[in-house]
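Listed below, chain by chain, are the residues.
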Amino acid sequence: MSDGLEGVVAARTVLSHSDGEQGAVWVRGHPIGELAARHGYEGTVALLWDGFAGDGLTRETIVRQLGAGRTRAFSRRDDWLPAAAARAPIEGLRMALAALPDDSTPAEIAAALPVAIAALMRLRDGKAPVAPDPTLTTAADFLRMANGEAVDDRFAVALDNYLTTVIDNGLGTSTFAARVIISTRASLASAVLGAYGAFTGALHGGAPGLALDMLDDIAASGDIDQWLERTLASGGRLMGFGHRVFRVRDPRADLLRAALDRLDPRSERLAFAKEVERRAVAALQRREPGRRLEANIEMDAALLLDAIGLPRTVFTPVFAIARVPAWIAHALEQQRTGRMIRPASTYIGPEPAHDPQT
Ligand code: ACO
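Everything quoted here is computed from the prediction, not taken from an experiment. (Residues numbered from 1 in each chain as written. Predicted model: local features only at pLDDT ≥ 70, side-chain atom pairs only at ≥ 80, totals over all residues. Heavy atoms only, no water.)

Before going further, it helps to examine the overall build of the protein. A tally of regular secondary structure across the protein gives 15 helices and 3 strands. Over its C-alpha atoms the protein spans a radius of gyration of 21 Å, differing by no more than 12% from the 21 Å that the globule rule assigns to 358 residues. Considering only C-alpha atoms, the protein reaches an extent of 70 × 55 × 40 Å along its principal axes. Sequence-distant contacts, at least 24 apart, represent 74% of the contacts inside the protein between residues at least 6 apart. Across the protein, the centroid of the 40 positively charged side chains sits 1 Å from that of the 44 negatively charged ones. (Helix = DSSP H or I, 4+ residues; strand = E, 2+ residues; numbered from the N terminus. Rg over C-alpha atoms; globule rule 2.2 N^0.38 Å. Contact = heavy atoms within 4.5 Å. Lys, Arg positive; Asp, Glu negative; His and termini not counted. Charge placed at Lys NZ, Arg CZ, Asp CG, Glu CD.)

Shown next as structure tokens:
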């Protein structure tokens, strides 16, 4: 076996599929590009949750459910916000999720994230949290709550594109964590809390802020190739490159780039990022010819979130707003199997010195 369990099939799902050779992601039979263009975040949540968190779900029902969920989350903010206010948003969100009651519904859990992140952003700026508007979409209301007033629709559309594009991707590490936790008959809230914990690491959902740090570092160094060679020679990883499943350029990166182009067609940073990507792929090839490491979504995601006006401290929490509906859907699908996930390990330690029977 491999320590990373690559190639091990650990679930059967009707929810999403990623094809690492062809460079495709589908959610319930819909290519991801179609979801971003036609269904939006709430429409895609409806597709993911239909048959698991309700029947006959539509975009409109999900807008209503998540709107009501945000109102509920806001009314419960005193359960966690005073203790979380001084923490970094990535930790503050973990505290908000930990405070959710075990009987929370899917919509209450998913809606807790935008409310918590916006409240944490406001408090860090010394401002009072803003109550949700339950009639809005998640993207529009999150930006409104974070900014204190409605934002230009272009930003809400760009954020909705982002949330939809990265919503689900087969059995990601955090998704697997959600499945493992719920399989013990733990609550859905616990499964989401555990998935979020798995998500925050630098190799997974923690990457977008680090990808932007990397771009800034490279720009400051004044020499792209030298920076790349030095980092790779010292055993460092290039943030925003490589993927366990995708051996070709991540198909979602182009969708994010198109959204960024629509938002900021003259982005100098995007031009620089394209140059870094070209040289980074070449540097990775030089280091290990034949190994296929391409760009994943993180650089484009980071540039898009930055152009929307979000600080990099909330990139990972905002990414989690996108992923939480998928964690929930996968957990509910796993729950249906009724089977606890409990693999085995091969013992490679020392044998007991004494007779184990005595
Ligand atoms: N920079 C430098 N070297 C790399 C990179 C990278 N970005 N990615 C992989 N490698 C190296 C690995 O160190 C490994 O080398 P080794 O065999 O000497 O140990 C080799 O390439 C093969 O790696 P893979 O098996 O292809 O990668 P793996 O599946 O283990 O990891 C991962 C995938 C974690 C995404 C990795 O590519 C990485 O660390 N990337 C940078 C972080 C990042 O961008 N994460 C976001 C991923 S997208 C998401 O999760 C939402």
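Space inside the second largest pocket adds up to approximately 160 Å³. Residue lining of the second largest pocket: Pro89, Met121, Arg122, Arg124, Asp125, Lys127, Ala146, Asn147, Pro311, Thr313 and Val314, and that is the complete set. At the level of elements, α5 (106-124) and α6 (138-147) are the ones that each hand at least two residues to the lining of the second largest pocket. Top contributing element to the lining of the second largest pocket by residue count: α5, with 3 residues. Residue composition of the lining of the second largest pocket, grouped by class: 5 nonpolar, 2 polar and 4 charged. (1 Å grid on protein atoms, 1.4 Å probe; cavity = no way out; pocket = protein on both sides within 12 Å on 5 of 7 lines; lining within 4 Å. Points joined across faces, edges and corners; volume = space filled by probe spheres on them. Nonpolar A, V, L, I, M, F, W, Y, C, P; charged D, E, K, R; others polar.)

Another point: unusual backbone geometry. When glycine is set aside, most residues are seen to have a negative phi, and most peptide bonds are trans. Despite not being glycine, Arg28 has its phi angle at roughly 50 degrees, a positive value. Although it is not a glycine, Arg185 adopts a positive phi angle of roughly 75 degrees. Among the structural elements, Arg185 can be located in the loop between α8 (173-183) and α9 (188-199).

A full pass over the atoms with the stated rule returns 1 cavity of 30 Å³ or more. One number sums up the size of the largest cavity: a volume of about 140 Å³. What lines the largest cavity is a set of 14 residues, and nearest its centre among them are Ala73, Arg76, Trp80, Leu100 and Ala112. Mapped by element, the contributors of at least two residues to the lining of the largest cavity are α2 (59-75), α4 (89-98) and α5. It is α5 that contributes the most residues to the lining of the largest cavity, 4 residues altogether. Along the lines of polarity and charge, the residues of the lining of the largest cavity split into 9 nonpolar, 1 polar and 4 charged.

Below, the discussion takes up the site of the ligand. Near the ligand there are 21 residues, and of these His204, Arg237, Leu238, Phe241 and Arg244 occur at the shortest range. In the environment of the ligand, a nitrogen atom lies 3.0 Å from a nitrogen or oxygen atom belonging to the backbone of Leu203. Separating an oxygen atom of the ligand from a backbone N or O atom of Gly240 is a distance of 2.8 Å. When isolated, the ligand has an accessible area of 930 Å², and the protein chains bury 75% of it. (Near = heavy atom within 4 Å. Polar contact = N/O pair within 3.5 Å; in protein donor to acceptor, adjacent residues only side chain to side chain. Areas by Shrake-Rupley, 256 points an atom, 1.4 Å probe, with all protein chains shown as cover.)

Ranked by internal contacts, the top residues of the largest apolar core, which has 105 residues, are Trp49, Phe142, Leu159, Tyr162 and Leu310. With sequence-adjacent residues up to four places away left out, Leu310 is seen in contact with Met121, Phe142, Leu143, Leu159, Leu305, Phe315 and Val318. (Core = buried A, V, L, I, M, F, W, Y, C linked by side-chain atoms within 4.5 Å. Buried < 20%, exposed > 50% of the residue type's maximum accessible area, 1.4 Å probe, protein only.)

Here we come to the pairing of strand β1 (residues 16-19). Where burial is concerned, the two faces of β1 differ: the one with Ser16 and Ser18 is buried and the one with His17 and Asp19 is not. With 4 bridges connecting them, β1 and strand β2 (residues 24-27) associate as antiparallel partners. For Ser16, the partnering residue across the bridge sits in β2 and is Val27. Hairpin remark: β1 followed by β2, antiparallel, with 4 residues in the connecting loop; positive phi at Gly23, about 75 degrees. (Pairing = 2+ DSSP bridges.)

Attention now goes to the pattern of salt bridges. Per the stated rule, a full pass over the model turns up 22 salt bridges. Here Asp254 makes a salt bridge to Arg249, at a shortest N to O gap of 2.6 Å. Here Asp254 falls in the partly exposed class, since its relative accessible area comes to 45%. The salt bridge partner of Arg249 is Asp300, with a shortest N-O separation of 3.5 Å. Here Asp300 lies in helix α14 (residues 298-308) and Arg249 lies in the loop between α11 (224-233) and α12 (251-263), a separation of 51 residues in the sequence. Salt bridges sharing common partners tie together Asp213, Asp216, Arg269, Asp306 and Arg312. (Salt bridge = Lys/Arg side-chain N within 4 Å of Asp/Glu carboxyl O.)

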